[in-house]
Amino acid sequence: MKIHYFFKEIAVFSAVFLFLLMPSLFQASPAEGTFFTWNFPAVQLVFMAFSFLFVFFETNIYSLKDFIFQPLFKGKLKRELIFFAGGFVFLFAFSIFFQFSASFFSSSLPKIDFICPENLRKWIFCILSFFSGAILEENIFRIYLPAFFRKIFPQKYSSGFFQLIPEFFPCILFALCHRYLGFFAVLNAFTAHMILRVVFFKNSSPLLNYSIHFFYNILNIFLMLKTEF
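Since this is a predicted model, take the numbers as computed values, not measurements.

S.K.: Can you tell me about the overall build of the protein chain, naming the residues and giving the values?
M.R.: Helix and strand counts for the protein chain stand at eight helices and zero strands. Helices (α) and strands (β) of the protein chain occur, in sequence order from the N terminus, as α-α-α-α-α-α-α-α. Relative to its 229 residues, the protein chain shows a buried fraction of 42%. Long-range pairs, those at least 24 residues apart, make up 81% of the contacts in the protein chain between residues at least 6 apart in sequence. Taken as a whole, the protein chain presents about 13200 Å² of accessible surface, with 73% of it coming from carbon and sulfur.

Spelled out as structure tokens, the structure:
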């Protein structure tokens, strides 16, 4: 990689780390109002828009249509539905397993109050928040960061076992960004990243990832209505 391209890569990564990763990495407890104040997610929508810019910078794709829809419809619809169902089932199954495991250590878990949105407007803001959050996380952790680490990782180590190393760093970062939710949330995030990364790798379209991540979050809303996380 030429030196000026390398510094561009580092500059973009620094912006991603500073504004999108560092707040979660160093967050000691759940943000106040995370699950009971449903306002218009303006900041999150801005970050989501910027996440597309980071992805386009790293992948050299400048058409949203080509990035999201064209790779999807190159395959067969049945195959895409199988990956959607499989990814969602595995994601949810591991989530239930880790929540069940965490129940034995409930005293050490952070307490998160969840209050159901009380009107249609707040439900819309709630859904919009989870939708934009799913896109943001998929763009950064499943697309941008793996591409970034593959570019800066020495090419002579880009085969065999070493090709998994650039995949390892985004997985660790995603897991650590959930550490404020407790140890089992970190394990769940680690596993979820691998599942969602496989889905993206096999389909080359982020639409399935967006959908799986979004519906997984929505399902968790209804689970939290009757249980405390």
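S.K.: Tell me about the environment of Val16, and please be specific about residues and values.
M.R.: With respect to the helices, strands and loops of the structure, Val16 is situated in helix H1 (residues 3-25). Take Val16: its relative accessible area is 0%, and that puts it in the buried class. Counting along the chain gives 35 residues from Val16 to Ser51, while the straight-line C-alpha distance between them is 8.5 Å. Residues within four places of Val16 in sequence aside, it is in contact with Leu21, Phe54, Ile140 and Tyr144.

S.K.: Residue-level account of the pattern of salt bridges, with values.
M.R.: What the rule picks out here adds up to six salt bridges. A salt bridge links Glu167 to Arg197, with the nearest nitrogen and oxygen atoms 2.9 Å apart. Taken together, the residues Glu167 in helix H6 (residues 165-176) and Arg197 in helix H7 (residues 183-203) connect sequence positions 30 residues apart. Residue class for Glu167 comes out buried when judged on its relative accessible area of 16%. Taken together, the salt bridges that share partners define one network made up of Glu9, Glu58 and Lys151.

S.K.: With reference to specific residues and values, describe helix H5 (residues 120-152).
M.R.: Over its 33 residues, H5 extends 46 Å from the first C-alpha to the last, a length consistent with the 48 Å expected when each residue adds 1.5 Å. When the local axis directions of H5 are compared, the greatest deviation, roughly 35 degrees, occurs at Tyr144, which is followed within four positions by the proline Pro146. You can read the cap of H5 off the contacts: a side-chain oxygen lies 3.2 Å from the backbone nitrogen of Arg121, and it is on Asn119.

S.K.: Describe a nonpolar patch on the surface, and please don't skip the residues or the numbers.
M.R.: Together, Ile3, Phe6, Phe7 and Ile152 line one region of the surface with nonpolar side chains, adding up to about 370 Å² of accessible area. Residue contributions to the nonpolar patch peak at three residues, all from H1. By relative accessible area, which is 32% here, Phe6 ends up partly exposed.

S.K.: Go over the environment of Ala42 with me, naming the residues and quoting the values.
M.R.: Relative to the assigned elements, Ala42 resides in helix H2 (residues 42-59). Ala42 sits 86 residues away from Leu128 along the chain, and the two C-alpha atoms are 10.0 Å apart.

S.K.: If you had to explain the side chain of Asn188 to someone new, which residues and values would you point to?
M.R.: With respect to the element layout, Asn188 can be found in helix H7. A distance of 3.4 Å separates polar atoms of two side chains, one belonging to Asn188 and the other to Tyr216.

S.K.: Describe the nonpolar core, with residues and values.
M.R.: The biggest cluster of nonpolar side chains holds 28 residues, and the ones touching the most others in it are Leu21, Phe52, Phe67, Ile140, Phe141, Tyr144 and Leu145. At nine residues, H5 tops the list of elements feeding residues into this core. Contacts of Ile140, omitting those with residues within four sequence positions, involve Val16, Leu20, Leu21, Ser51, Phe54, Leu145 and Pro146.

S.K.: Just give me the short version of the packing of aromatic side chains, but keep the residues and values in it.
M.R.: Enumeration according to the criterion identifies 22 aromatic pairs in this entry. A centroid spacing of 5.7 Å and a plane angle of 70 degrees characterise the contact between Phe40 and Phe125, whose relative ring orientation is edge-to-face. Residue Phe40 is located in the loop between H1 and H2, and its partner Phe125 is located in helix H5; the two are separated by 85 residues in the primary sequence. Judged by centre distance (6.4 Å) and plane angle (15 degrees), the rings of Phe84 and Phe88 are stacked.

S.K.: Quick rundown of the packing of H5 against H7? Include the residues and the values.
M.R.: The contact between H5 and H7 brings their axes to 10 Å, and the two run at 75 degrees. Judged by the inter-axis angle, H5 sits roughly perpendicular to H7. Two secondary-structure elements touch here, H5 through Glu138, Phe141, Arg142, Ile143, Pro146 and Arg150 and H7 through His193, Leu196, Arg197 and Phe200. Considered class by class, the residues forming the contact of H5 with H7 number five nonpolar, one polar and four charged.

Thresholds, definitions, all that
- Residues numbered from 1 in each chain as written.
- Predicted model: local features only at pLDDT ≥ 70, side-chain atom pairs only at ≥ 80, totals over all residues.
- Heavy atoms only, no water.
- Helix = DSSP H or I, 4+ residues; strand = E, 2+ residues; numbered from the N terminus.
- Buried < 20%, exposed > 50% of the residue type's maximum accessible area, 1.4 Å probe, protein only.
- Contact = heavy atoms within 4.5 Å.
- Areas by Shrake-Rupley, 256 points an atom, 1.4 Å probe, with all protein chains shown as cover.
- Salt bridge = Lys/Arg side-chain N within 4 Å of Asp/Glu carboxyl O.
- Expected span 1.5 Å × (residues − 1).
- Bend = angle between axes of the 7 residues up to and from the residue.
- Polar contact = N/O pair within 3.5 Å; in protein donor to acceptor, adjacent residues only side chain to side chain.
- Patch = residues over 30% accessible without salt bridge, like charges linked within 9 Å, V, L, I, M, F, W, Y side chains within 5 Å.
- Core = buried A, V, L, I, M, F, W, Y, C linked by side-chain atoms within 4.5 Å.
- Phe/Tyr/Trp six-rings, centres within 6.5 Å; stacked < 30°, edge-to-face > 60°.
- Axes fitted to C-alpha atoms, helices over the stretch in contact; angles between N-to-C directions.
- Parallel < 35°, antiparallel > 145°, perpendicular 65-115°, else oblique.
- Nonpolar A, V, L, I, M, F, W, Y, C, P; charged D, E, K, R; others polar.

Keep in mind these numbers describe shape, not what the thing actually does.
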